[in-house]
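Below are the chains, spelled out letter by letter.
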Amino acid sequence: MWRETRATFGAVMLALACQAAALAQEAPTDADMRRAHAVLLGLAQEGAEPERDGSADIFYSIVETPEAPRLVTRLEVSAAPCRARTTSALQFPGKWATLTFALVDLSRVTAVTAYASVEDMIAEVNPVPFSAPQAEQIVLTGAGLYCSSRMSLSGENTAADGTCSDRLDLPMTDEEQKVRGRDALAIVAGVCKAPAFRRK
């Protein structure tokens, strides 16, 4: 069993190494890095292209009814491309918006776990190799991976509500998501040199 696990991990590392080598030959652009961050942060809904604003990308939530809240997120990559910051405004109709400022550092990813279903992911049971065809939910974890601070513009509570999360969830339920997800993971492995992808 241990040999099979090592062989599977080796195959995954080989596949990512090939993608990382391609990245090394042609260094990813700022747009490539923003795309990777957007995929891992769940901003690229249904593959929607962002609006460009100088060196930033702006994402709008897909609103199906007038009563639904609007979410606008501005994504910028720092001078260290594996770090990005986002500024988001969430507004319900007729109410003041809530601002969220966040920082993500992809070099902090220390573990990657894949599951074949949302149910298995929630229960944290039956993990599968993230290169397996049945892998549909990927969980990236690492201390201080994603930190955010939230503040309401209503004036009722001016104190910022700060928190840090050690987890990012990456859905890969269809072929388009799998392609975007693998490209993002290749950047985390090859460009950000995240500990999760170092050979054990």
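None of these values were measured; they are calculated from a predicted model.

(A) View of unusual backbone geometry. Phi at E124 is positive, roughly 55°, even though this residue is not glycine. On the secondary structure map, E124 appears in the loop between α3 (118-123) and β7 (137-152). Look at N126: it is not a glycine, yet its phi comes out positive at around 55°. Mapped onto the secondary structure, N126 falls in the loop between α3 and β7.

(B) Structural detail: the pairing of strand β3 (residues 70-77). By the bridge criterion, 5 bridges tie strand β2 (residues 56-60) to β3 in an arrangement that is antiparallel. Note that in β3 the partner of A56 across the bridge is E76. In this sheet, strand β4 (residues 83-91) lies alongside β3 in antiparallel orientation, the contact comprising 8 bridges. Bridge pairing in β4 links R74 to T87. Where β3 hands over to β4, the hairpin turn is made up of 5 residues, counted between the paired strands.

(C) Highlighting the state of the cysteines. In the structure shown here, the tally under the stated rule is 2 disulfides. With a sulfur-sulfur separation of 2.1 Å, C82 is cross-linked through a disulfide to C192. Taking the torsion about the S-S bond as the criterion, the C82 to C192 disulfide, at about -105°, is left-handed. Of this pair, C82 sits in the loop between β3 and β4 while C192 is found in the segment after α4 (175-190), placing the two residues 110 residues apart along the sequence. When sorted by exposure, C82 lands in the same class as C192, which is buried. A sulfur-sulfur distance of 1.9 Å marks the disulfide that ties C147 to C164. Around the S-S axis, the bridge from C147 to C164 shows a dihedral of about 105° and counts as right-handed. Of this pair, C147 sits in strand β7 while C164 sits in strand β8 (residues 161-171), placing them 17 residues apart in sequence. Take C147: its relative accessible area is 22%, and that puts it in the partly exposed class. Taking relative accessible area as the criterion, C164 reaches 48% and is therefore assigned partly exposed.

(D) Representation of the pattern of salt bridges within the structure. Within this structure, the stated rule accounts for 12 salt bridges. Across the pair R35 and D32 runs a salt bridge, and its minimum N-O distance is 3.0 Å. Separated by 3 residues within a single helix, R35 and D32 lie in helix α2 (residues 30-40), roughly one turn from each other. For D105, the salt bridge goes to R108, with nearest N and O atoms at 3.7 Å. For D105, a relative accessible area of 9% corresponds to the buried category.

Analysis parameters
- Residues numbered from 1 in each chain as written.
- Predicted model: local features only at pLDDT ≥ 70, side-chain atom pairs only at ≥ 80, totals over all residues.
- Heavy atoms only, no water.
- Helix = DSSP H or I, 4+ residues; strand = E, 2+ residues; numbered from the N terminus.
- Pairing = 2+ DSSP bridges.
- Disulfide = S-S within 2.5 Å.
- Buried < 20%, exposed > 50% of the residue type's maximum accessible area, 1.4 Å probe, protein only.
- Salt bridge = Lys/Arg side-chain N within 4 Å of Asp/Glu carboxyl O.

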